[in-house]
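Structural characterization, general
Letter by letter, the chains look like this.
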Amino acid sequence: MMSIQGQLQHLSKDTLIALIDYLSEYYDGVDELIATYLALSSEQGFTGGAVSHSRLAKQLESLTTSDDFFDYRDAHMLHAQAVSIVQDIAALAEDDAEQALVLLDKLLERHGQLFERVDDSGGYIGDLVREAVQLWLQVASRVRERKPEARNWTEAVLGYYTHNDYGCFDSIISDSSCLLSEAELRDLAERFERDAQAALRTDMTGKYNSSLSHARLGLSQAAKALQDIALYERSVLINSPQPNSFQLENLIRYAIELEKFDRAEYWLQQPEWHTNQGLQTSLKNLLLEKQGNIEQLKANLLDEWQDKPRLFTLDAYWSHADKNEREDITAELLARANQLDDSEEVLGMLLFTEHLDAAAEYLITQHERLADSYYATVLSWLDVFEEAGQTLAVIICYRLLLLDVLGRGYSKAYRYAAHYFNTLLALDKKKNPDYRELENAGEFIATLQAKHGLKRSFWREAGYPAKGSKA
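Notes on the structure follow. (Residues numbered from 1 in each chain as written. Predicted model: local features only at pLDDT ≥ 70, side-chain atom pairs only at ≥ 80, totals over all residues. Heavy atoms only, no water.)

Quick look at the packing of helix α17 (residues 311-318) against helix α19 (residues 343-352)
- Look at α17 against α19: their axes get within 9 Å of each other, and the N-to-C directions meet at 25°. Taken together, the axis directions place α17 and α19 in an arrangement best described as roughly parallel. Facing Leu311, Leu314, Asp315 and Trp318 of α17, the residues of α19 in contact are Glu345, Gly348, Met349 and Phe352.
- Partitioning the contact of α17 with α19 into residue classes produces five nonpolar, one polar and two charged. (Axes fitted to C-alpha atoms, helices over the stretch in contact; angles between N-to-C directions. Helix = DSSP H or I, 4+ residues; strand = E, 2+ residues; numbered from the N terminus. Parallel < 35°, antiparallel > 145°, perpendicular 65-115°, else oblique. Contact = heavy atoms within 4.5 Å. Nonpolar A, V, L, I, M, F, W, Y, C, P; charged D, E, K, R; others polar.)

Quick look at the structure:
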């Protein structure tokens, strides 16, 4: 599916104007945001027109040197300006790759100044710079085809990798196979390996060895560019001859990505896995799936689920199981549901298998064990039970949500609690439900008043007395 940005690029100018006009009238605050953005664009030269090196150079200068600061709420506005520039540079590259590369160099060399203008908590600018890095590699490769000696391409890549204070150039080496030759990448790898060995000889007792980290990461990135599993393994083993489970996971995942299944199996057999057998099992199953050994994968997943029934495992098994296998594991779930310890997992699995009557019954009978469930999880149950018309299960969900807010005493959320409370009143009046063994509406309210009667701001929000009864 084409992204929103991609779809907008195909719209005519008149259609875009109509869309923006509609949004400005329909949503509060959008008109103000648009007006602010247009003012900034006009002031700083972001006004469209023909794509030219001189215009883009001026826009880049403004983008990276202006004193205007954007907090996290407005970061998207600076991001929109930067995106516009990068898109125009990409368009320019179609006709003049050399000029486009000069502009991209300017943007990447000044990316630190761009970060200083914004609170990038949302990651807008970081993502934009990483996209610019990818564009730089593509444009540089085009320039190199026509002018191989235009610059030292290895040093250019290495320069960006070395000046990486904001983590935007983490993958510039691993993605550089379009620009650098195999021989250049191997020379780069040898340089990093020598640097790592030298850093290891430096006494850094009790200190972080940044030189070693820089060299090891560079070596691993060069290995990825070359798709060389042996080189990648050396980048890990150079100072970790016995990798921990995190390092083993990286080794295995990369071996599987390259379809070097023998190396993945080797690392899966290491004794260090005794500290994290769950992750080892997950990686073994991933290997089986990539190898196409689905029967063994299903057997492993079924054994794992029978030993410890979990939704994650059931989901993985379900995606490979046939109709009869699904029916068998569902029957086992229904038979074992009330004996299993993790109530949230059980309810999740019953909903996953679409046994909604059984799920509702389980919630009704086990609701006390589900009292500490995360509110987003309860909301997801609520949606399903409302659609299925399971009134008593819906009531329990609303009670769980209400009790969660009041139990935490989070006054800012009392308006939500009041909504839950009044929804319960409406359900009682409209549906006249059979509460079975549960407290009926009046009893539940009395219990609520006795326990939370002092939370007067909630009762005011709900429009109900904190004590006594309401006719």
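Digging into the environment of Leu78
- When you line up the elements, Leu78 lands in helix α5 (residues 75-95).
- Residue class for Leu78 comes out buried when judged on its relative accessible area of 0%.
- Along the chain, Leu78 and Gly122 lie 44 residues apart, while their C-alpha atoms are 12 Å from each other.
- If sequence neighbours within four positions are ignored, Leu78 has contacts with Leu63, Phe70, Leu114, Arg117, Val118 and Ile125. (Buried < 20%, exposed > 50% of the residue type's maximum accessible area, 1.4 Å probe, protein only.)

A few points about unusual backbone geometry
- Positioned with a positive phi, Glu354 is a non-glycine residue whose angle comes to about 65°.
- On the secondary structure map, Glu354 appears in the loop between α19 and α20 (356-366).
- Of the residues examined, Glu354 reaches a relative accessible area of 66% and is grouped as exposed.
- Positioned with a positive phi, Asn432 is a non-glycine residue whose angle comes to about 45°.
- Looking at where Asn432 falls in the secondary structure, it is placed in the loop between α23 (414-431) and α24 (441-452).

Examining the packing of aromatic side chains
- All told, the structure shown has 15 aromatic pairs when counted by the stated rule.
- Geometrically, the ring pair formed by Tyr232 and Tyr254 is tilted, given 4.8 Å between the ring centres and 50° between the ring planes. One end of the pair, Tyr232, is in helix α12 (residues 229-237); the other, Tyr254, is in helix α13 (residues 245-257), with 22 residues separating them in the sequence. When sorted by exposure, Tyr232 lands in the same class as Tyr254, which is buried.
- Seen in terms of ring centroids, Trp459 and Tyr464 are 6.3 Å apart; in terms of plane orientation they differ by 45°. Their pairing is tilted. (Phe/Tyr/Trp six-rings, centres within 6.5 Å; stacked < 30°, edge-to-face > 60°.)

As for helix α22 (residues 391-408)
- Compared with the 26 Å implied by 1.5 Å per residue over 18 residues, the 26 Å span of α22 between its first and last C-alpha is a close match.
- Counted residue by residue, α22 has 13 buried out of 18 residues, so it is predominantly covered.
- Of the residues flanking the end of α22, it is Gly409, one or two places downstream, whose phi is positive at about 60°. (Expected span 1.5 Å × (residues − 1).)

As for the nonpolar core
- Core analysis: the biggest nonpolar cluster contains 76 residues, and Ile89, Trp136, Val139 and Ile172 have the highest contact counts within it.
- Of the residues forming this core, the biggest block, 11 residues, is contributed by helix α8 (residues 124-146).
- Aside from chain neighbours lying at most four places away, what touches Trp136 is Leu101, Leu104, Asp105, Leu108, Arg151, Ala156, Val157, Tyr160, Ile172 and Leu179.
- Residues Trp305, Leu314, Val346 and Tyr420 belong to the second largest nonpolar core, which totals 58 residues. (Core = buried A, V, L, I, M, F, W, Y, C linked by side-chain atoms within 4.5 Å.)

Section: the packing of helix α11 (residues 210-226) against α12
- Contact pair α11 / α12: the axes reach a minimum separation of 8 Å and the direction vectors enclose 170°. The orientation of α11 with respect to α12, classified from their angle, is roughly antiparallel. The handedness of the crossing between α11 and α12 comes out as left-handed. Listed contacts from α12 to Arg216, Leu219, Ser220, Ala223, Lys224 and Leu226 of α11 are Leu231, Tyr232, Arg234, Ser235 and Val236.
- Tallied by class, the residues present in the contact of α11 with α12 amount to six nonpolar, two polar and three charged. (Left-handed = near helix turned anticlockwise from the far one by under 90°.)

A few points about the environment of Asp434
- Topologically, Asp434 is positioned in the loop between α23 and α24.
- On the basis of relative accessible area, Asp434 is assigned to the exposed category, the value being 58%.
- A sequence separation of 43 residues divides Asp434 from Thr391, and the C-alpha atoms of the two residues are 9.3 Å apart.
- Polar side-chain contacts of Asp434 include one of 2.9 Å to the backbone nitrogen of Arg436. (Polar contact = N/O pair within 3.5 Å; in protein donor to acceptor, adjacent residues only side chain to side chain.)

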